[in-house]
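# Residue-level structural notes
Given next are the chains, with one letter for each unit.
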Protein chains: 2
Amino acid sequence: MDMTPRKEKILAAVVESFIRTGEPVGSKTLMGELDFRVSSATIRNEMADLVEMGYLEQPHTSAGRVPSTLGYRYYIDKLMNKLEMNKDESESIEKSVASGRGDPEQLLEKAGEVIARLTNCAAITTLPAGEQACVRRAEFVPVSNRTAMVVLLTSAGTLKSKACRGDMPITQQTVERFYAVCAAHFLGKPLEEIGTVMLQTLVASLGEYALEMSPYFVALADLANEALKSDVLLEGQSNLFNHRELSGSVPDIMELLRKGEPLSKLLSAGEKDGLNVKIGTENEYKQLSNSSVIVSRYNVNGSRSGALGIIGPTRLNYAKLIPYMQFISGVVGKILSETLED
Amino acid sequence: MDMTPRKEKILAAVVESFIRTGEPVGSKTLMGELDFRVSSATIRNEMADLVEMGYLEQPHTSAGRVPSTLGYRYYIDKLMNKLEMNKDESESIEKSVASGRGDPEQLLEKAGEVIARLTNCAAITTLPAGEQACVRRAEFVPVSNRTAMVVLLTSAGTLKSKACRGDMPITQQTVERFYAVCAAHFLGKPLEEIGTVMLQTLVASLGEYALEMSPYFVALADLANEALKSDVLLEGQSNLFNHRELSGSVPDIMELLRKGEPLSKLLSAGEKDGLNVKIGTENEYKQLSNSSVIVSRYNVNGSRSGALGIIGPTRLNYAKLIPYMQFISGVVGKILSETLED
DNA sequence: GTTAGCACTCCAAGCTAACGAGTGCTAATT
DNA sequence: AATTAGCACTCGTTAGCTTGGAGTGCTAAC
């Protein structure tokens, strides 16, 4: 069976009506929403075809139709008219986001808040990735007799620290040795190279000081690792409660979001032109089979860097939200570019 | 009407049975759980008295009895026998918690995880408070032409940092001035003294460099403020979903927990001997009127320092969980004392 | 003071009927 | 050949009703 212009119009009308109301859409309702006049019987025939083609589903025999994953997909890829944002709106959004200017973490947090508020969804954001980052600076601050703070600053602007307890008292020599080793083995090194292997050879080369110094370098390597996997921020989780159709799965979704790793996986999906939409069962996590995820990447100084995303019901107002996400990721990218390079 | 030993036994049995099963307790059920034999009619009479006295409630005329807030309170204060923890258990708990040794944040996070797992509740923890902490160290790390990381380390071991964008290019002089001003006005100063007033006089005294330098000191003061309000960690939020009786209020509770301020308020309540239990309507937040909060403070080197808490339904196994909380806060205090002072 | 007995209350679960929205099909119409 | 009116049919939802059982409060006897 072939797709016809009329079928497309009907499909679009079903999707839009369902997005608006959340109720299955019947043939009579649809009559009032189409820009051409046909009888409900005709619409029923067409809808039956669309069901057969896999674009619509019916919850039960005597109910209206609901878009399937495939239906949403077709709508988004071919039928949807993105809503233009008006000037006032975009300016006010930009102002809100820009209030987090200065510190990347603060900025992304702010952006997440804004997104969560605008979309009534859970917002996830990643900090600029540190993939090609290297060690810019390492500090060693004694806190007590046997404890020191080890601090790592990367070229991507990430700062990580850890308190670390050694087995021997810390002396002035300890501090000096730390900085000497850092200068020789860490400073300027890409984070990726600081792995267990590198660490082992380093410890071996420490000779008699290995026992004294190794805890601190182990800590430093830990920090490098943490800095490498870009942090994910989560905002507006509780918005999920506002969507009736998710009610049953909110606990499962939250459980999924609690762990960092699935989150970064979700966000790393952004491919073509920085925007990616995963609808319902297109998601690899089955907890999200009733949800949609919209991810938009942002670029800092021209290279792909991090991403903003939302998680909500499949029944999202894509025509409105997709432009939002693109706009906000643009703003974030712009502000970060200004902040980090200048 | 007076409390009698028999009434006390009946109250305790009702509370314990209800905690165990979650079902209202009837007079017949109770017969089997008391260590003396009386008829169900007698128990009914006594229970009617307990209702009148405010210790029990009945959901409706023909249902069993449920403990009221007052009933729980009486049980916890006068009737409860704390369960002893067995050796194996306490050792394994201590080992789990101790795996976070080294870094305070990591430790408290670990402790929160352990608590959440053991209690099936949401766990909240605070890092050691920085109340009397002072500025131990400040660092200024240029990241780009106009942006620098400002880093603050307190004597309590808290490390905070912020990227900060100035209005003028950063030069070697900027850096030197920063450290000079820090040495003169920040190092060694109690965090509490670094407020807006102090900042204003400082900026005034900067003279011609005010414009160039003030953003960094504003950032530094921000950091001091952040370090002052002790951070709160939240673990096992999703455990709340496991309690049927909370189902309706989980969204409200999560919304409450999302904000930092109510959290620290909850935790700061711990008074007498470090342990505090707030039952149902005893909580000042109405979202928690069906929940109980158990808070146990921990001490670092003898002075009250931070707290661990759980949030769950009123129907908590207090006799088991209170010892847990006391034990874990003891472990946390011990480990932190070792780490921070030595 | 305690207990057996009994009438009473009230929730929960299951059943039925009425309803209404929406469908699929058929036969008539354009 | 496509469209439409008409109609019987399906199925979920809601309301009302019944039944069963758990538990109570009261009274009278012990």
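What counts and how
Residues numbered from 1 in each chain as written. Chains lettered and ligands numbered in written order. Predicted model: local features only at pLDDT ≥ 70, side-chain atom pairs only at ≥ 80, totals over all residues. Heavy atoms only, no water. Helix = DSSP H or I, 4+ residues; strand = E, 2+ residues; numbered from the N terminus. Expected span 1.5 Å × (residues − 1). Buried < 20%, exposed > 50% of the residue type's maximum accessible area, 1.4 Å probe, protein only. Contact = heavy atoms within 4.5 Å. Near = heavy atom within 4 Å. Polar contact = N/O pair within 3.5 Å; in protein donor to acceptor, adjacent residues only side chain to side chain. Core = buried A, V, L, I, M, F, W, Y, C linked by side-chain atoms within 4.5 Å. Buried area = accessible area lost by both parts, 1.4 Å probe. Salt bridge = Lys/Arg side-chain N within 4 Å of Asp/Glu carboxyl O. Nonpolar A, V, L, I, M, F, W, Y, C, P; charged D, E, K, R; others polar.

### Some words on helix α1 (residues 5-21) of chain A
Residues lying three or four places apart along an α-helix face the same way, a consequence of the helix completing one turn every 3.6 residues. Residue and element names in this part refer to chain A. Here α1 spans 24 Å end to end across 17 residues, near enough to the 24 Å set by a 1.5 Å rise per residue. If you check which residues of α1 are buried, you get Lys7, Ile10, Leu11, Ala12, Ala13, Val14, Val15, Ser17, Phe18 and Ile19. If you follow the buried residues of α1, they end up packed against α2 (27-31), α3 (40-53), β1 (56-57), β2 (66-67), α4 (69-79) and α12 (318-340). The first or second residue beyond α1 is Gly22, which carries a positive phi of 80°.

### Description of the protein's contact with DNA strand C
The environment of DNA strand C is formed by 20 residues, the closest being Ser27(A), Arg6(B), Thr42(B), Thr61(B) and Ser62(B). Restricting the count to atoms of DNA strand C within 4 Å of the protein gives a sugar and phosphate share of 76%. Between DNA strand C and Arg6(B) there is a distance of 2.8 Å, counted from a phosphate oxygen to a side-chain nitrogen or oxygen. Note that a base oxygen of DNA strand C is positioned 3.2 Å from one of the side-chain N or O atoms of Ser62(B).

### A few points about the nonpolar core
In globular proteins that are soluble, nonpolar side chains generally tend to be buried together. Core analysis: the biggest nonpolar cluster contains 59 residues, and Val97(B), Leu108(B), Ile294(B), Tyr318(B), Ile328(B) and Val332(B) have the highest contact counts within it. Per element, the largest residue contribution to this core is twelve residues, and it comes from helix α12 (residues 318-340) of chain B. Formed by 58 residues, the second largest nonpolar core is a distinct cluster that contains Val15(A), Val25(A), Ile76(A) and Ala123(A).

### Some words on the protein's contact with DNA strand D
In the region of DNA strand D, 20 residues are neighbours, and Ser39(A), Thr42(A), Thr61(A), Ser62(A) and Ser27(B) sit closest. When atoms of DNA strand D within 4 Å of the protein are split into backbone and base, the sugar-phosphate part holds 77%. The side chain of Ser62(A) places a nitrogen or oxygen atom 3.2 Å from a base oxygen of DNA strand D. Contacts to DNA strand D include Ser62(B), whose backbone N or O atom sits 3.3 Å from a sugar or linking oxygen. Those elements that provide at least two residues to the surface near DNA strand D are α3 of chain A together with α3 (40-53) of chain B.

### Some words on the interface of chain B and chain A
Each partner contributes to the interface: chain B provides 39 residues, whereas chain A provides 39 residues. Across the interface of chain B and chain A, roughly 3,200 Å² is buried in total on both sides, 55% from carbon and sulfur atoms. Counting the contacts that link chain B with chain A gives two salt bridges. The residue Arg137(B) makes a salt bridge to Glu139(A) at a minimum N-O spacing of 2.9 Å. Run the count over chain B and chain A and you get twelve residue pairs in polar contact (both at pLDDT 80 or more). Going through the elements one at a time, α6 (104-119), β4 (135-142), β5 (147-154), β6 (159-165), α10 (250-258) and α12 of chain B are the ones with two or more residues in the side of chain B that touches chain A. By residue class, the composition of the side of chain B that touches chain A is 17 nonpolar, ten polar and twelve charged.

### Side note on unusual backbone geometry
Positive phi outside glycine occurs at Asn301(A), with the angle close to 50°. Along the chain, Asn301(A) turns up in the loop between β9 (291-300) and β10 (303-313).

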